[in-house]
Number of protein chains: 2
Amino acid sequence: MIFTSHMDIALQEAQAAASRGEVPVGAVVVSPNGSIISRASNRTIEKNDPSAHAEMLAIRAACELLGQDRLAGYDLYVTLEPCAMCAGVIAAARISRLYYGASDKKSGAVEQGARIFTHPQSHHKPEIYPGVGEDEAAGLLKAFFAGLRDTPP
Amino acid sequence: MIFTSHMDIALQEAQAAASRGEVPVGAVVVSPNGSIISRASNRTIEKNDPSAHAEMLAIRAACELLGQDRLAGYDLYVTLEPCAMCAGVIAAARISRLYYGASDKKSGAVEQGARIFTHPQSHHKPEIYPGVGEDEAAGLLKAFFAGLRDTPP
């Protein structure tokens, strides 16, 4: 079952990232009983960490909290189509269901590009539900990048 | 220039991982002037972190040390062909040269499977040098998995 309220929280996280000057992407990990285990947003600039994407931070936080390196039965909500790195960690963590918002022609690796889950070297493929909260997620990104262009150098 | 001594240190890291019961893969980040910035090995079990592969940890450590989220001009030595997640972070970090040991038919995403660097959604492709220290790296992995099979359940 898709809980739009979970994507709403991912969108709040994305908005928070934008307010810090980070690319607005947010993610939430949800337990099998529907409770939110972790929430995160992009912090690559703040943390000086190229891996600090929303999905990566949310998965790492959930694993740390639960004391396990896999999240079978857990769902991930993320506002943007995951990149290759994040699709890779989603597979490694055995996330059961992946809900995402906007497609990402530029960096996406689920429905385009590397299509991570379609290869036998990906040891797990989650159920995938694209387009959840797509308009809001895409709107946040569009406004963010328009703002960057409008900022004097 | 390939410094086999750098791969030797990555192999030492891989050996250290094996001694802790982790899959033996090691990695080293080397600066443009040839000095080692960081070294790491797999710690997915110890850290309860599915992202804690050798390459990921070495790149994150180097970025933290240098206070930057990109490593243009820096090289990565890793004993095994990177998976999709690690190839993704290598691209995100703008690693200049990737030297790796053994190919990985099971999880590799550089020369097989997702072939991360061949898609336009990968914003960077390092120079790639496979097969550096391949026999030693593959030998460590083979011995490790043979040991697991021989361990009584």
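The structure this text deals with has already been given above.
My aim in this report is to walk through the structure given alongside it, one point at a time. Note that this is a predicted model, so its numbers are computed, not measured. Residue positions within a chain follow its written sequence, with the count starting from 1. Note on labels: chains are lettered from A, ligands numbered from 1, in written order. For a predicted model such as this one, the threshold for reporting local features is a pLDDT of at least 70, and the threshold for listing and counting side-chain atom pairs is 80 or more; totals across whole chains, interfaces and linings nevertheless cover every residue. Computation of side-chain values covers all heavy atoms of the structure but excludes hydrogens and water.

1. A word on the overall build of chain A
In plain terms, the rule: Secondary structure elements are taken from DSSP: a helix is a run of H or I of four residues or more, a strand is a run of E of two residues or more, and numbering for both begins at the N terminus. Radius of gyration: over C-alpha atoms. The globule rule applied is 2.2 Å multiplied by the number of residues raised to the 0.38 power. The buried label goes to any residue with under 20% of its type's maximum accessible area, the exposed label to any with over 50%, and the partly exposed label to all in between, with areas taken from a 1.4 Å probe on protein chains only.
Broken down by element type, chain A carries 5 helices and 5 strands. Starting at the N terminus and walking to the C terminus, you meet the elements of chain A as α-β-β-α-α-β-α-β-β-α. For a compact globule of 153 residues, the expected C-alpha radius of gyration is about 15 Å, and chain A comes in at 15 Å, within 12% of that figure. Dimensions along the principal axes, computed over C-alpha positions, put chain A at roughly 45 × 30 × 30 Å. Out of the 153 residues in chain A, the part that is buried amounts to 54%.

2. Overview of the sheet that holds strand β5 (residues 127-129) of chain A
Residues and elements named next belong to chain A. The line we're drawing: Think of it this way: DSSP has to see at least two bridges between two strands before they count as a pair. Lines fitted to C-alpha atoms define the axes, with helix axes restricted to the stretch in contact, and inter-axis angles between N-to-C directions lie between 0 and 180 degrees.
Spatially, the 5 strands line up as an open sheet ordered β2-β1-β3-β4-β5, and their pairing is mixed. Across the chains shown, the open sheet's two edge strands, defined by having one partner strand only, are β2 (36-41) and β5. Averaged over all adjacent pairs, the angle separating strand axes in this sheet is 15°, with direction ignored. Bridge count between strand β3 (residues 75-80) and strand β4 (residues 97-102): 5 bridges; the pairing is parallel.

3. Some remarks on the interface of chain B and chain A
We count it as follows: In this description, contact between two residues means that some pair of their heavy atoms is separated by no more than 4.5 Å. In this description, buried area is defined as the sum, over both parts, of the accessible area (probe of 1.4 Å) that is lost when the two are combined. Any carboxyl oxygen of Asp or Glu that lies within 4 Å of a side-chain nitrogen of Lys or Arg is treated as forming a salt bridge with it.
Taken together, the contact between chain B and chain A spans 32 residues of the former and 32 residues of the latter. Both faces combined, the contact of chain B with chain A buries some 2,300 Å², and carbon together with sulfur accounts for 61% of it. When the buried surface of chain B facing chain A is broken down by residue, N48(B), P50(B) and Q121(B) rank first, second and third, together holding 26% of it. Inspection of the region where chain B meets chain A yields 2 salt bridges.

4. Notes on the packing of aromatic side chains
Two aromatic rings, taken as a pair, are described by how far apart their centres are and by the angle between their planes. For clarity, the cut-off: Note on aromatic contacts: the rings of Phe and Tyr and the six-membered ring of Trp form a pair at centre separations within 6.5 Å, being stacked when their planes are under 30 degrees apart, edge-to-face when over 60 apart, and tilted otherwise.
In total, this model carries 6 aromatic pairs over all chains according to the counting rule given. Seen from their ring centres, F144(A) and F145(A) are 5.2 Å apart, and the 80° between their planes marks the pair as edge-to-face. The interplanar angle of 15° and the centroid separation of 4.8 Å between the aromatic rings of Y99(B) and Y129(B) together place this pair among those described as stacked. Of the two residues, Y99(B) sits in strand β4 (residues 97-102) while Y129(B) sits in strand β5 (residues 127-129), which places them 30 residues apart along the sequence. Given the relative accessible area of 1%, Y99(B) is considered buried. Members of the aromatic cluster, connected to one another through ring pairs, are Y77(A), Y99(A) and Y129(A).

5. Some details on the side chain of N42(A)
Residue and element names in this part refer to chain A. Put simply, the rule reads: Distance and chemistry together define a polar contact, namely a pair of N or O atoms within 3.5 Å, with one atom able to donate a hydrogen and the other to accept it when in protein, and with adjacent residues in sequence counting only for side-chain atoms on both sides.
Relative to the helices and strands, N42 resides in the loop between β2 and α2 (44-47). Of the polar contacts made by the side chain of N42, one reaches the backbone nitrogen of A54; its length is 3.3 Å. Setting aside residues no more than four positions away along its own chain, N42 makes contact with A17, R20, E22, V23, V25, A52, H53 and A54.

On their own, these measurements won't tell you what the molecule is for.
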